Each structure stands twice: as structure tokens, then as C-alpha cells.
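Each chain, letter by letter, is given below.
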There are 2 protein chains.
Amino acid sequence: MLDVCLLGTAGMVPLKNRWLTSLYVSEGNHAVLIDCGEGTQIALSEAGCRVKNIDVICITHFHQDHIGGLAGVLLMMSNANRTEDVTLIGPPGLIDVVQKLLVCASPSFRLLASETLETDAVSQAGNIEIQPFPVDHVIPCLGYTLTVHRKGKFDPDKAKKLGIPLNAWSILQRGESVKIDDQIIHPEQVIGPPRKGLKVLYSTDTRPADSIIQAGKNADLMILEGNYASDQDIEKAKKWKHMTFSEAAGLAKKAEAKELWLTHFSQSIICPEEFQENAVSVFPNTIIGRDGMQKTLKFEN
Amino acid sequence: MLDVCLLGTAGMVPLKNRWLTSLYVSEGNHAVLIDCGEGTQIALSEAGCRVKNIDVICITHFHQDHIGGLAGVLLMMSNANRTEDVTLIGPPGLIDVVQKLLVCASPSFRLLASETLETDAVSQAGNIEIQPFPVDHVIPCLGYTLTVHRKGKFDPDKAKKLGIPLNAWSILQRGESVKIDDQIIHPEQVIGPPRKGLKVLYSTDTRPADSIIQAGKNADLMILEGNYASDQDIEKAKKWKHMTFSEAAGLAKKAEAKELWLTHFSQSIICPEEFQENAVSVFPNTIIGRDGMQKTLKFEN
């Protein structure tokens, strides 16, 4: 299971009825926050998110609307008595930016920072695997995939045939070998091949890019920016390195994702739902993001 | 006239129904903003304040809840096409703090900074005179008075007796001398002594201090923190260098102010109105601040 909460849907400017775009994803007692513009701490509170559980904060890029609320979030986590280290991931320059933004705030826990523009910087928040990938914005920018892997199925019939006592099953189920009499039994003897896990992709502030399609391949959920609703704004989208609804939908289609949420709406889009068809005509399972929208992704049977 | 708008009433943490404490004061096309915590840009927008007119931003001290929204406010002013210089006033260290906080934001205008802990750093925003004064918090902290002075009354009878032609009256009214035939007429010959102006005092994050009483003498409006509603919290107030409702009311009484607004309520105070009597019993004209509360102060006749 993976609980996903889209905290806000605004781009560039927080509005009184629209928080800046940010994502909270949790699994058990571990959570990941992607981006935190001004006001994200209030959005977290409104959505009832457990901020103490945030192990990793991913920053897409260093524009104010994506990182301006970092100090507030870290203080909120301090007030919630977080004491464990928190990992920050972002493009090169992250450490300098964070040190500056925290000039008036001192979190109660240690911050670890990972600066990258590559896909090799994989982190974990409990069972959630976090992988960045580069996208195409006016300054260096990352998208992220959050993946929960799923082990193969334990086969009780095989275990019984091998004469494994019941109290040793759980050891094999968690991937360790056991010694029964003089025979060593390995997990793969009773556990099938890995099953399909869960994958969420998040990418805002970018032109369409192959890296997004590749990272989002067969994703259960892609969350992409739709800064411009109409293709009439394509020149603006190219100039400012953003996407239109239909361009985002095109990425979800090519990635063969299950579902697409659009977010990061320009403040000129008063009612994004009015333009839903621009995306649905390209990728039918497109949902227009709303602040605080939540979904629990479940493993397939 | 002086238009006063209390943008928020929260202390320390912005809440979903309570913005952080901040004040917008305007006279004509000139405005002053005091403090800007996270979310102040949205509060300004909600209250309909003309951010382009903000000439001076006063910072009381460098705690996140009083300055964490500075970058957002400056970007909002840039989006409103402000091009004129903006003056920032705050305690020593201001320039370093502001440079750091703006790591991800570049305003479209020049920033001038005035670092002070004294009362001698008087600034102007149009007719509004801004004067800081030191208060007593856990880190260096300033309060501010905003004053509009009022000239003496022009006496048309005297002007007629002196034979001053009508078209020269406006020159004298704006404080310049005129030459009528061979005689020089000075403004004080036709203008009475200065009349009572308007004064607003703003001070949060402090213990009661004589500097507040002195600066607020005969103020039309004092806006003071009431971080703690009850005197039962006096030890906490002393420890964290804040005030209770009754302590703030005591300052307004000693300063012989006309009116007191309380603000900067601890998040533990769900309904500050329930504790109004704690202040009213000391200073009857105490009003419990509400987000977006506005008042136009007018010159006495």
C-alpha cells in the first residue's frame, strides 16, 4: 500500500484557495515529501499528514514556489518532536540553498543532503524507494519516482513438501535462509519471482522529456504539471519550460501509466476542470488535481 | 487619514484559519508592511492590500514566523510591477538575513536596508514617519511607531488681512514663503501651530517595556501581542519573553492610548475572544484582533 496526498495544485503563486504544488506519500510510518513552497506546512496540517514521519524531502528545483516553505515544514516537524535524521534530495547547490533558507530556523534533528542530477542517487524511506531523474526546465530540475517493491509469493505447498516447520516460514518469507536438519533451504525455493509493486511518478516544471516517459513506465500514478491548460499557450509553455494539459497527457500515454493527475496550474487558470477534455482526449484516465486529494494505491492480487 | 489592516493574528505557527501576525498601513499611495511570516503574501491578497505601494518593510526580529514570508512578498510586489526601491528596516544582521532568504528569489526592484536597534533611524513612506524602538525579547527585537504629522490650520482671515492673493495661499499651505510686492510672507504668519496627528504603535514578541509606553504615548492605536491569554501563563510569558493579555493592556493604559488591538495569539488559544475580559478589565478599549481587520484613523477636527 502507498498513501498519496496531493497537498496543493498551484504553480508559482500560492492562492487563498490553492496551495503550492507539493506531494506527501507514506507507507506505514515512513513518508516522503516532494517540494515545499510557501504554505506547505498549513497544507500538511489541513490534510492531516503525519509530518513526524517524513524521512525524506525531495526538492525538484530551487524556485521559491518549490522550496520557500522548507524552513516552516522543518520547524513543524520539530514541533511534532521529530528527532531522527531527515534526508534532503535536490539538484547540485542544495546544501548552500538550504543553509541559507534556514538562517532563521533551527530544526531539532540532523539534516543529511544528497545533491544530484542523475538517476543513481536512490534513497529509502522505509519501504519507499526514491529515485530522481533529470527533467527540462529553465534551471536544473528533477522529477522523482517513488516505488514500493513487492516480493514474490510464498508457496506453502512447496514449504510443506520440503518439510519446513511452520515456525521457520517467517524467516524464509523475510528473505533469509534456514537450516533444517543438515539441509539449507534458500528463500527462492519457496518464494516465487518478485511481483509487480507500486510506482508513483512526480514531475513539475518541465517540458515533455524522454526521461519522464522512461521513469514513469507502467507507473500506477503519474503526477505531472499542467501549467497551461490549452495548447494555444504552447509558445509560452516552450518559453518558460512548462507543459500544457495535452503534453502531460501525452507523456502518461507513452509511459503506459494507469492514471494521471494534473497539478501546478497557472494562476490564470481559474477552473482547471473546464479544460479536462484537453488531457482526457489524449489520456483518458486523467484526473484534474485538487488540493488535499488522497488515494491509497494497493498491490494487485 | 491612515488605513490600518491587521493581516494576521497567529504567533509562531501559521494556522489554516489564522495567518501569522503582520500589519499593513497605508496613506495615499504609500504603504508600510511590518513583519511578513509564511503566508503573508496570501493574507495581503485576501485583504485586498495594494502591495505595489509598499515602500518600507519593517522587520521586528529574525524569527521564522516574522520574516519567513519575505521572499514571497517581494516576488508578489515584483509581479505587481513595483520598480521603485523598497526600504527594509530591522535589527543588526538584517542585510545578511535578507540576502540568505532571497537565495531563490530575485525582486524586480532595489532593496535598501537599515539595520538598527535605536530610535534614531527614522524613515518615511510618503507622509508616514516610521520610527523603531527596542523591546525585550529572547533575541534583539524592535517595535515600530507609524506617525502622520499634521500641520497647523491655515487662517484665511489672516491671509486676507495680509493682502495675500488667493493663488498664493496653496504655496503658504505647503510650507513655503511667498513674496507679495516687496514683502516676504512666511507660512507661520498664516498657519497655526501643528495639530495632533495620527500614531499607530506595533509591538510583538516582547515583555512589557518602558520603551513601548514611551513610544506609544497618546497613540491612536496600539497593536500589541497577547501571546498568552491568561495571567496563569505568566511564568511561560517571562521565560519566552512574551506578554499576557493583561500585561499588554497595562501598557496601553500607561501610554494613555486611545485603542488597543491584541494579536500574535499562541496556537493554544483557540478562541481569543473568550479571554477579552482579561484585557478589558485593565484597558477598556481593547479589541481582540482578527485576521484582515481594518480601520481608517482620521484626524481630529
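Before any of the text, the structure's been laid out above.
Throughout what follows, the structure given in this document is the object of discussion. (Residues numbered from 1 in each chain as written. Chains lettered and ligands numbered in written order. Predicted model: local features only at pLDDT ≥ 70, side-chain atom pairs only at ≥ 80, totals over all residues. Heavy atoms only, no water.)

1. Some remarks on the pairing of strand E9 (residues 142-150) of chain A
Each regular strand carries side chains that alternate between the two faces of the sheet. Residue and element names in this part refer to chain A. Which entries qualify depends on this criterion: A simple rule labels every residue: compare its accessible area, found with a 1.4 Å probe on the protein chains alone, to the largest value its type can have, and call it buried under 20%, exposed over 50%, or partly exposed in between. Strands are runs of DSSP state E lasting at least two residues, helices are runs of H or I lasting at least four, and both sets are numbered from the N terminus onward. Should DSSP find at least two bridges between two strands, the strands are taken to pair.
With eight of its nine residues buried, E9 lies for the most part within the structure. Bridge count for strand E8 (residues 128-134) against E9 is seven bridges, and the pairing is antiparallel. Bridge pairing in E9 places Phe-133 opposite Gly-143. Inspection of the sheet shows E9 paired to strand E12 (residues 195-203) by six bridges, in the antiparallel sense. Along E12, the bridge assignment pairs Thr-145 with Leu-201.

2. Examining the sheet that holds strand E5 (residues 86-90) of chain A
Residues and elements named next belong to chain A. Note the following rule: Here the axes come from fitting lines to C-alpha atoms, over the contacting stretch only for helices, and the angles between their N-to-C directions go from 0 to 180 degrees. Any pair of residues with heavy atoms lying within 4.5 Å of one another is described as a contacting pair.
In space, the seven strands of this open sheet follow the order E6-E5-E4-E3-E2-E1-E16, with mixed pairing throughout. The outermost strands of the open sheet, each flanked by one partner alone, are strand E6 (111-115) and strand E16 (293-297). Going across the sheet, the axis of each strand differs from the next one's by a mean of 15°, ignoring polarity. Note: strand E3 (residues 30-34) against strand E4 (residues 54-58), four bridges, orientation parallel. Note on E4: the bridge partner recorded for Ile-34 is Cys-58. Contacts from helix H3 (residues 70-79) reach E3, E4, E5 and E6, with the element oriented near 175° to E4. Across the face of the sheet, helix H4 (residues 94-101) comes into contact with E5 and E6 while running at roughly 140° to E6.

3. Quick look at the interface of chain B and chain A
The following threshold applies: Accessible area that two parts lose when put together, with a 1.4 Å probe and added across both, is what the buried area reports. Any Lys or Arg side-chain nitrogen found within 4 Å of a carboxyl oxygen on Asp or Glu counts as a salt bridge. Distance and chemistry together define a polar contact, namely a pair of N or O atoms within 3.5 Å, with one atom able to donate a hydrogen and the other to accept it when in protein, and with adjacent residues in sequence counting only for side-chain atoms on both sides.
Of the residues lining the interface, 27 residues belong to chain B; the matching set on chain A comes to 27 residues. Interface area, chain B with chain A, both sides summed: about 2100 Å², of which 64% is carbon and sulfur. A per-residue breakdown of the area chain B buries against chain A is headed by Glu-38, Gln-64 and Cys-104 of chain B, which together make up 30% of the total. Counting every contact that joins chain B to chain A gives zero salt bridges. The interface formed by chain B and chain A contains six residue pairs in polar contact (both at pLDDT 80 or more). Within the residue set of the side of chain B that touches chain A, elements represented by two or more residues are helix H1 (40-46), helix H2 (64-67), helix H3 (70-79) and helix H4 (94-101) of chain B.

4. Thoughts on the pattern of salt bridges
Enumeration over the complete set of coordinates arrives at 26 salt bridges over all chains. We note a salt bridge from Asp-136 of chain A to Lys-241 of chain A, for which the minimum N-O separation is 2.8 Å. Residue Asp-136 of chain A is located in the loop between E8 and E9, and its partner Lys-241 of chain A is located in the loop between helix H8 (234-240) and helix H9 (245-255); the two are separated by 105 residues in the primary sequence. Residue classification places Asp-136 of chain A among the partly exposed positions, given a relative accessible area of 28%. Two residues, Arg-207 of chain B and Glu-247 of chain B, come together in a salt bridge whose shortest N-O distance is 2.8 Å. Pair noted here: Arg-207 of chain B is in the loop between strand E12 (195-203) and helix H7 (210-215) and Glu-247 of chain B is in helix H9 (residues 245-255), with a separation of 40 residues, a long-range link.

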